[in-house]
Amino acid sequence: MEFKSVGIKGLGYYVPEKVMTNFDFEKIIDTSDEWIRTRTGIEERRFAAVDQATSDLCVEAAKKALDRANMTVEDLDLILVATCTPDYLVQATACLVQHKLGGKNIPCFDLNAACSGFIYGLTVANGMIKGGVYKNILVIGAETLSRIIDMQDRNTCILFGDGAAAAVVGEVEEGYGILSTYLGAEGEDDDILRTPAGGTKKPNDAQTIENRENFVKMKGQDVFKFAVHALPNATKNALNTADVSANDLTMIFPHQANVRIIESAAKRIHVPIEKFYMNLQKFGNTSSASVGLALGEALEKGLVKKGDLIALTGFGAGLTYGSIIMRWTY
Ligand code: COA
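Note that this is a predicted model, so its numbers are computed, not measured. (Residues numbered from 1 in each chain as written. Predicted model: local features only at pLDDT ≥ 70, side-chain atom pairs only at ≥ 80, totals over all residues. Heavy atoms only, no water.)

J.: Please explain the site of the ligand as it appears in this structure.
T.: The environment of the ligand is made up of 23 residues, and the closest members are T31, R39, G220, Q221 and N258. A distance of 2.7 Å separates an oxygen atom of the ligand from a polar atom in the side chain of R39. Here an oxygen atom of the ligand sits 2.4 Å away from a polar atom, N or O, in the side chain of Q221. According to the grid-proximity analysis, the pocket containing the ligand is the second largest pocket. Mapped onto the shell around the ligand, the elements with two or more residues apiece are α2 (33-40), α7 (220-242), α8 (259-268) and β12 (309-316). Tallying contributions element by element places α7 first for the shell around the ligand, with 4 residues. Within the shell around the ligand, the residues separate by chemical class into 10 nonpolar, 9 polar and 4 charged. (Near = heavy atom within 4 Å. Polar contact = N/O pair within 3.5 Å; in protein donor to acceptor, adjacent residues only side chain to side chain. 1 Å grid on protein atoms, 1.4 Å probe; cavity = no way out; pocket = protein on both sides within 12 Å on 5 of 7 lines; lining within 4 Å. Sits in = over half its atoms within 2 Å of the grid points. Helix = DSSP H or I, 4+ residues; strand = E, 2+ residues; numbered from the N terminus. Nonpolar A, V, L, I, M, F, W, Y, C, P; charged D, E, K, R; others polar.)

Quick look at the structure:
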């Protein structure tokens, strides 16, 4: 059975205006610009305004993606938001996005694969469109991580930022679009990377708030060890399925967590580091938004052109990982 070619018809991204530099953190916690830059590569990140929630960031990115695809909200058959920082625990952020975009009766749901969210979302959309369920799907990766980081915990708060990336996914010219997808997860119930309280396992109470368990907690070195394998392995698996080699790639868009993780992945898959697009210096780790934000900025700079073979690849809490190989569509 021949499946249609599915790809991104329009991509848009948005970051809030407020810039939070490493020097701003020096004023709050015991850290330094030098430590943050040398250990992570991050120089600054964006924080949402007090009146902005994840759905607001989504809408800004979605409008740009729809414009680029020459479509309106009426053309959409599904809105899917990948996020681990939804506006509310109950009521999908995707539904709020539908309303804010002026849509009616469009099915909506959220997906939580943490920092692999954009890749998981695109994979779900690809399958649904290939399977004939829907024609045009809006996939958004968006986070307001500034609301769940502990500004007293120097191990985590310096890493994360806010932002959104949106893609209109639909049928594209034959031979273009998504050539392969690869997803995986290691779901052990451990505390490598999670927000301990505020879910059904441990609802928030005075004690959890006092212990600051309502904020994200991370064992940095364990995540690091996982990531340096997950990133190259996911990319290799997707390359194999697409039957292309790493040398054929014009550019790789890795999850923007840490420059040292990306350098290690580059060595493991024998691809020059120059082919790994990075903007973590400016935006930090924006989780579900990160890969789309990187691709969006590269497109804006004219670094990706129609026909280029690119890889999107990520890892995150869960622990999840995934990669997509695509031939760029516009
Ligand atoms: N400023 C200054 N010192 C800091 C600091 C900060 N912001 N954060 C931690 N330190 C200190 C530690 O307390 C420790 O001090 P000690 O030796 O006196 O105990 C020292 O720096 C080294 O800490 P360590 O955790 O060993 O550093 P590291 O080289 O592993 O770097 C991370 C820490 C978080 C940058 C790194 O582990 C990492 O990037 N991990 C992956 C995280 C990630 O990508 N998470 C998101 C996944 S989606």
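J.: Even after reading the chapter, I still don't get the packing of aromatic side chains, so can you show me in this structure?
T.: Aromatic rings in a pair are described by how distant their centres are and how their planes are angled relative to each other. With the rule as written, the count across this model stands at 6 aromatic pairs. Seen from their ring centres, F253 and Y277 are 5.7 Å apart, and the 40° between their planes marks the pair as tilted. Within this pair, whereas F253 is found in strand β11 (residues 251-254), its partner Y277 is found in the loop between α8 and α9 (280-283), the two being separated by 24 residues in sequence. Overall, the relative accessible area of 0% leaves F253 in the buried class. Through a chain of ring-to-ring contacts, three or more aromatic side chains come together here, namely Y182, F226, F315 and Y321. For the cation-ring pair, K64 lies above Y13, with the distance from its terminal atom to the ring centre recorded as 5.8 Å. Between K306 and the ring centre of Y176, over which it is positioned, the NZ or CZ distance is 5.2 Å. (Phe/Tyr/Trp six-rings, centres within 6.5 Å; stacked < 30°, edge-to-face > 60°. Buried < 20%, exposed > 50% of the residue type's maximum accessible area, 1.4 Å probe, protein only. Lys NZ or Arg CZ within 6 Å of the ring centre and 35° of its normal.)

J.: Would you mind showing me how to read the sheet that holds β12 here?
T.: Hydrogen bonds between backbone groups are what pair the strands of a sheet, and the pairing can be parallel or antiparallel. Across the sheet, which stays open at both edges, the 4 strands sit in the order β8-β13-β12-β11 with mixed pairing between neighbours. Edge positions in the sheet fall to β8 (177-185) and β11, since each of these pairs with one other strand and no more. Adjacent strand axes in the sheet meet at a mean angle of 10°, parallel and antiparallel pairs treated alike. Examined bridge by bridge, β11 and β12 share 4 bridges and lie parallel to one another. Following the sheet pairing, P254 is matched in β12 by T313. Against the sheet, helix α5 (residues 117-130) contacts β8, β12 and β13 (320-327), and its axis sits at roughly 125° relative to β8. Against the sheet, helix α10 (residues 290-300) touches β11 and β12, its axis set at about 145° to β11. (Pairing = 2+ DSSP bridges. Axes fitted to C-alpha atoms, helices over the stretch in contact; angles between N-to-C directions. Contact = heavy atoms within 4.5 Å.)

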